[in-house]
Amino acid sequence: MSSIFLFSLLDMKDCTSAFENLWIFNVDLSKHDHEVLTCEDGHRCTHAPFEVKKHNGEYNLIFNGTLSPTYNISLWIMQNWMCKPSEGCNTTSLDNGAADIIIDPSVCGHFSKYDEAICTDLDTNGPFFILKTNMSNEQDVDCVTCNNPLHLIEEIVEVHQDLGSEGHVDAALANTFVESMKSVLDKLHNKSSVKVKAAGEVTGALLRLKETKSISVAYSAKGKEMVLVSNPNALQTPLSWSVEIPAEAVRISQSANDGEGFAGVLRFPNMSMDDKNSTVFGAVYGISMSANISNLTDPISIHFENVATNFASFNCTSWNGIGDKPNWTEDGCEMVLGNSNITCKCYHLTFFAILMNPLPDNNTLTESDLSSLTYISYIGCGLSIFFLGVALFMHYLLRKAKSSQAIQILMNLFTALFLLNLTFLSNESVANMGSNIGCIAIATLMHYSMLSTFTWFALQALHLYLRLVRMSNTKDVKNYMLKMCIPAWVCPAVVVITLAALNKYTLVTIKTSSGFQSKTCWITDTMVHYVVNIGYYAMVFLFTLGIFCVVVQRILMSNKLMVKDAKTPSVSKNLMAIMSLLALLGLTWGVAFFSYGDMMIPSYYIFCVLNAFQGFFLFIYYYNNSKDLGEDSKADNPFSSSSSSNTAISNTYVTHG
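What this report covers is the structure whose coordinates are included nearby. Owing to the predicted nature of the structure, the values given are computational and were not obtained by experimental measurement.

1. Quick word on the overall build of the chain
And step 1. Each helix and strand in the chain was counted, giving 13 helices and 29 strands.
And step 2. For the chain, the residues scored as buried account for 47% of the 657 residues in total.
And step 3. Sequence separation of 24 or more characterises 68% of the internal contacts of the chain that already satisfy a separation of 6 or more.
And step 4. Surface accessibility of the chain: about 32200 Å² in total, with carbon and sulfur atoms responsible for 56%.

Here is the structure:
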C-alpha cells in the first residue's frame, strides 16, 4: 500500500501565480518508522528543500527555517494514488479524496514550539521546522521548531559579598550588590555573559549588549539559575519567571556605556520586608543596565508563571533602591492578570516584585474582629495570669505540705498555663521589636508552655482514670509525681529545641481583609503546625473526652445511689462540676476544630473567651474547694460522702487524690 505526498511552495509576493515548484514523494506505508521518503525520479528531486521522515505513525516534513517567513506551504495528502510524474499527472485537478491544506508562515514560524524529543528522534538540529501530520486527519497538522530557545550560561562567577544574615537578604545591601555588577563583568574582558552566584541562594545573569535588539532572561526553578531565552514564544512550558527588555532600553544602555550596553538581572529570595510587612510572591528581582532607564515607550515585560490568582490579590510593584527597607510602589507599572500568570509592564528599571494579599471573603478576619479578639485575649490572659499567680502563691507558700497528688498535678497545670498566658501577652511586643533572636526565644517558650499544658491535660485525665475507673491507689506508686512530670516538662523541651534548631520559629504577620496587620512570633511551617500542634492536641482531646464521659456518667450514677436522707447535689452544682472538668481537662480547646466555614469567626470568639479566661475559671474552682485541700481522706474519693452527715461531695477533682 502506498500513498503520495505532494508539496509545493507558493510565492508570498504573488499568491495568484502558478505553483513555482511541485515535489512528489512516494510513501510506502509498509515501511518501518524513521523511513526517509524519496522523490519520484525526474521531477526535480535534487532541488527539493524538504526532507520527509516517518516517525510513530506521523509524516514529518523537515525544512529549513529560512523558508517559513517567505512562503506558504501547500500540502496535499492523497491515499492510494498511483500516478507517476513520468506517466503524466494532472496537478490541477486533485479531487480524488485529497486533503488540500494551506499552511501559512504563522504555523511554522515565531510561535512554533520547541520539541526536544522529536528533534532528537529525527536527528534534526539547528533552525529547522518540522511539519507533523497523520494521513487520517487532514486537519491534524502541527509545526514544531528544532531551534532550542533556551541557552544556558556556562561561565559562573561566585561573588563573596555580605548580603545579610540568617538566610535573609538585607535590602540596602542588595541594592549595593546590584550596582556593583557592572564592575564584575568589566573584569571579565572576553566574556559576553556570565552567571552570578552569591550567598543566600542569590543568583543572576550579567550580559554584554553589543547588538541593539530586545533580550529575554528567565529563571529556571529546576536548575535554580538564570538562562537566556532567544524566543520565549517557542517554550513548550513557560519558566517560572522571565523578563523581556526592549531594544529601546538596550539602546539607552549602549549610549551610556560607550556603545556596549550592559544588563544585570538578579534574583533575591527572602529579602527584608518593608514597614508594612508586605508578602512578596516568590522573590524580589533587581535589574540594572548601568544607565538611567525611565519613561520608556516600549515597556519592560516581567512574567510570573504558576500564580494561583484565584486565592489572593496581586499588585505589580517596584522599589528605587533608596533606604534601608523597600518602599514598594505601583507607580510606573501596569499589571496584566491571566488565569495562572501575571505580567508586569514597567516603564523604568529598578527592583521589582509582586505583592500578594489574601482575597477577602466572609470568613476573613476584619480589622474590627481582630481588634475585638485581641482585646478579649489580652483581658482574659491578664486576669488568668493574676489569678493563677495568686493560686500558685497560696499553694507553694501556704498549703504545699498539705497537698495531695491531685493538687500537685493541678499546680503543675497552673504553672504551665501561667507561662503560656505570660508568653502570649509578651509575644506581639517582642515581634514589634524586630529582633530575630528575641522572636525565636519568645516563640520557643510559648510553644513549650503550650505543649506542656496539653500534656498536663492528658495527665489529669490519666490520674482520674487510675483513681476513679481502675480504683488504683496511686500513693503506692513509687515516684508517681516524677513519672508525671518527666513527660509533661521534659518531652516538650526536646520538641521545641529540635524545631528551633531547624529554624521553624519566625515572625508571622496576620492580615485582615482591610489590610490591617498584626505581628507575632510563631511557627510558619504548616506541616509542623498540623503535626506537632493540631495532631498532638487531637490525641489529647480524644483521650480526655473519653475520661470526661466516664466521669460525667459517674456523677449521674452517684446522684441515683444517694441515700434517702442525704442531700442530693443541686443541678447547679452538678453543672459547675461538669464545667470544671471541661476546663481541667482542656476540652475547651477543642472549639478550634470547628474553625471552618461559617463557624470560623464565631468559633474564634468562643475559643478566645473560654481559653483566655481558663486560668481565671480554674482559680474560682480551686478557691471554692480550697477547704477540702488538706483532707486526704476526701481527696482519695471524688464522690465521697461524710459518714456523719451523709452529705454528698460534688467536688469531682480537687477532693480526688
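2. Comments concerning the state of the cysteines
In protein chemistry, a disulfide is the covalent bond that joins the sulfur atoms of two cysteines.
And step 1. Per the counting criterion, the structure on display carries three disulfides.
And step 2. One disulfide bridge connects Cys 316 with Cys 344, the sulfur atoms lying 1.9 Å from each other. Across the disulfide from Cys 316 to Cys 344, rotation about the S-S bond amounts to roughly -80°, and the bridge is consequently left-handed. Within this pair, whereas Cys 316 is found in strand E24 (residues 312–319), its partner Cys 344 is found in strand E26 (residues 341–346), the two being separated by 28 residues in sequence. In this pair, the class of Cys 316 matches that of Cys 344, namely buried.
And step 3. Across the disulfide, Cys 439 is cross-linked to Cys 521 (sulfur-sulfur distance 2.0 Å). Residues Cys 439 and Cys 521 are joined by a disulfide whose S-S torsion is about -120°; by sign, that bridge is left-handed. Here the residue Cys 439 occupies a position in helix H7 (residues 436–469), and Cys 521 occupies one in strand E29 (residues 517–523), the gap between them amounting to 82 residues.

3. Section: the environment of Lys 519
And step 1. Looking at the element boundaries, Lys 519 is found in strand E29.
And step 2. Judged by relative accessible area, which is 22%, Lys 519 ranks as partly exposed.
And step 3. C-alpha of Lys 519 to C-alpha of Ala 431: the two residues are 88 residues apart in sequence and 6.0 Å apart in space.

4. Things to note about the pattern of salt bridges
And step 1. Taken as a whole, this structure holds five salt bridges when the rule is applied.
And step 2. The shortest N-O distance in the salt bridge between Lys 191 and Glu 155 comes to 3.4 Å. Of this pair, Lys 191 sits in the loop between helix H3 (181–186) and strand E15 (193–198) while Glu 155 sits in the loop between strand E11 (150–151) and strand E12 (156–158), and the two are 36 residues apart along the sequence.
And step 3. On the basis of relative accessibility, which here comes to 31%, the residue Glu 155 falls in the partly exposed class.
And step 4. Glu 211 is the partner of Lys 213 in a salt bridge, and the nearest nitrogen-oxygen pair spans 3.7 Å.
And step 5. Lys 213 sits in the partly exposed class, given a relative accessible area of 46%.

5. Side note on the environment of Leu 545
And step 1. Looking at where Leu 545 falls in the secondary structure, it is placed in helix H9 (residues 526–560).
And step 2. Judged by relative accessible area, which is 31%, Leu 545 ranks as partly exposed.
And step 3. Taking the C-alpha atoms as reference, Leu 545 lies 9.7 Å from Gly 590; in sequence the two are 45 residues apart.

6. Considerations on the pairing of strand E16 (residues 202–209)
And step 1. Of all eight residues in E16, eight are buried; the element is thus mostly enclosed.
And step 2. Alternating residues of E16 divide into Val 202, Gly 204, Leu 206 and Arg 208 and Thr 203, Ala 205, Leu 207 and Leu 209, and every residue in both groups is buried.
And step 3. Pairing of E15 with E16, which is carried by six bridges, proceeds in the antiparallel orientation. Residue Lys 197 lies in a different strand from E16, and its bridge partner there is Thr 203.
And step 4. Between the antiparallel neighbours E15 and E16 lie three residues, among them Gly 200 with a positive phi of about 70°.
And step 5. Direction of pairing for E16 relative to strand E20 (residues 261–268): antiparallel, over a ladder of seven bridges. Bridge pairing in E20 places Arg 208 opposite Phe 262.

What counts, and at which threshold
Residues numbered from 1 in each chain as written. Predicted model: local features only at pLDDT ≥ 70, side-chain atom pairs only at ≥ 80, totals over all residues. Heavy atoms only, no water. Helix = DSSP H or I, 4+ residues; strand = E, 2+ residues; numbered from the N terminus. Buried < 20%, exposed > 50% of the residue type's maximum accessible area, 1.4 Å probe, protein only. Contact = heavy atoms within 4.5 Å. Areas by Shrake-Rupley, 256 points an atom, 1.4 Å probe, with all protein chains shown as cover. Disulfide = S-S within 2.5 Å. Salt bridge = Lys/Arg side-chain N within 4 Å of Asp/Glu carboxyl O. Pairing = 2+ DSSP bridges.

Taken by themselves, the reported measurements are silent on function.
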